[in-house]
Amino acid sequence: MTVKLTWYSHACFMFEVNGTRILTDPFLTGNPLAAASPEEVSPDVIIVSHGHGDHLGDTVAIAKRTGALVISNFEIQNWLAGQGVQNAHPQHIGGAHAFPWGTVKLTIAHHGSAMPDGSYGGNPAGLLLYLEDKKIYHACDTGLFYDMKLIGEEGIDLAILPIGDNFTMGPDDALRAVKLIAPARVVPIHYDTFPVIAQDPHAWARRVRAETEARVDVLSPGDTLAL
Ligand code: NI
Ligand code: MN
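Computed from a predicted model, the values in this text were never measured in an experiment.

## A closer look at the coordination of the nickel ion (ligand 1)
Phase 1: Bound to the nickel ion (ligand 1) on the protein side are His-50 (NE2), His-52 (ND1), His-111 (NE2) and Asp-141 (OD), at distances that span 2.1 to 2.3 Å.
Phase 2: Each donor residue of the nickel ion (ligand 1) lies on one chain, and together they are spaced H-x1-H-x58-H-x29-D.
Phase 3: In this structure, the nickel ion (ligand 1) lies 3.3 Å from the manganese ion (ligand 2), and both are coordinated by Asp-141. Within this pair, whereas His-52 is found in the loop between β4 (45–47) and α1 (53–56), its partner His-111 is found in the loop between β8 (102–108) and β9 (125–131), the two being separated by 59 residues in sequence.

Shown next as structure tokens:
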């Protein structure tokens, strides 16, 4: 079964599986690289990894327009309820839940999670998505951590890893992450959106190809991959 994913830039993807559309970290408004406007995306599900503006993004507006189910940690759910978002599902780190279209498990991430208004946003998360027979690890915002090895033990078909440095792993640590996770495929994200996270993803891809078995796809915003 094919899982399709479209990268809108930064940490924002649209995954499509059996006609269900799952949007992650929809930072579109104010994102200079965004490949879509918030009005152009119509997800069934939105998953938010943490409260920072470049991940929460347009979640409230898109959720209210589409009625999409919003999945996030419990603290972000409380904040979303205060914004009038009704269709929501709280989870927390280490917990998986089976939805009709697939299973979502939240992983640890070493980062922050304050909401844009300064409210408490709980702990940040990475995402493990089990869509049909594919296992996808979307690390979202995190530094390198050794427990990525545990995530790799699941047998990851695709790892989505930040390489931007400064706020998250940079290229060196993201390469170490590939070695810990040993995914079949990897896609770099969270670079070039702002000058402080400018990187050369092709140079990184060459290092990954030279030092690991992983297939690397460097995407341009708007590109689609099929798994
Ligand atoms: Ni962040
Ligand atoms: Mn970020």
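## Notes on the sheet that holds strand β6 (residues 88–91)
In any sheet, the strands associate via hydrogen bonds between backbone groups, in a parallel or an antiparallel arrangement.
Phase 1: Ordered by their spatial adjacency, seven strands build an open sheet running β6-β5-β4-β3-β2-β1-β14, and the pairing between neighbours is mixed. The outermost strands of the open sheet, each flanked by one partner alone, are β6 and β14 (224–226). Ignoring which end each strand starts from, the neighbouring axes of this sheet average 20° apart.
Phase 2: Pairing analysis gives five bridges linking strand β1 (residues 4–9) to strand β2 (residues 12–17), with the strands arranged antiparallel. Bridged to Leu-5 within β2 is Phe-15.
Phase 3: Against the sheet, helix α2 (residues 59–66) engages β3 (20–24), β4 and β5 (69–73), with an angle of about 165° to β4.

Reading the values: the criteria
Residues numbered from 1 in each chain as written. Chains lettered and ligands numbered in written order. Predicted model: local features only at pLDDT ≥ 70, side-chain atom pairs only at ≥ 80, totals over all residues. Heavy atoms only, no water. Donors = N, O, S within 2.8 Å, 3.2 Å for Na, K, Ca; no water. Helix = DSSP H or I, 4+ residues; strand = E, 2+ residues; numbered from the N terminus. Pairing = 2+ DSSP bridges. Axes fitted to C-alpha atoms, helices over the stretch in contact; angles between N-to-C directions. Contact = heavy atoms within 4.5 Å.

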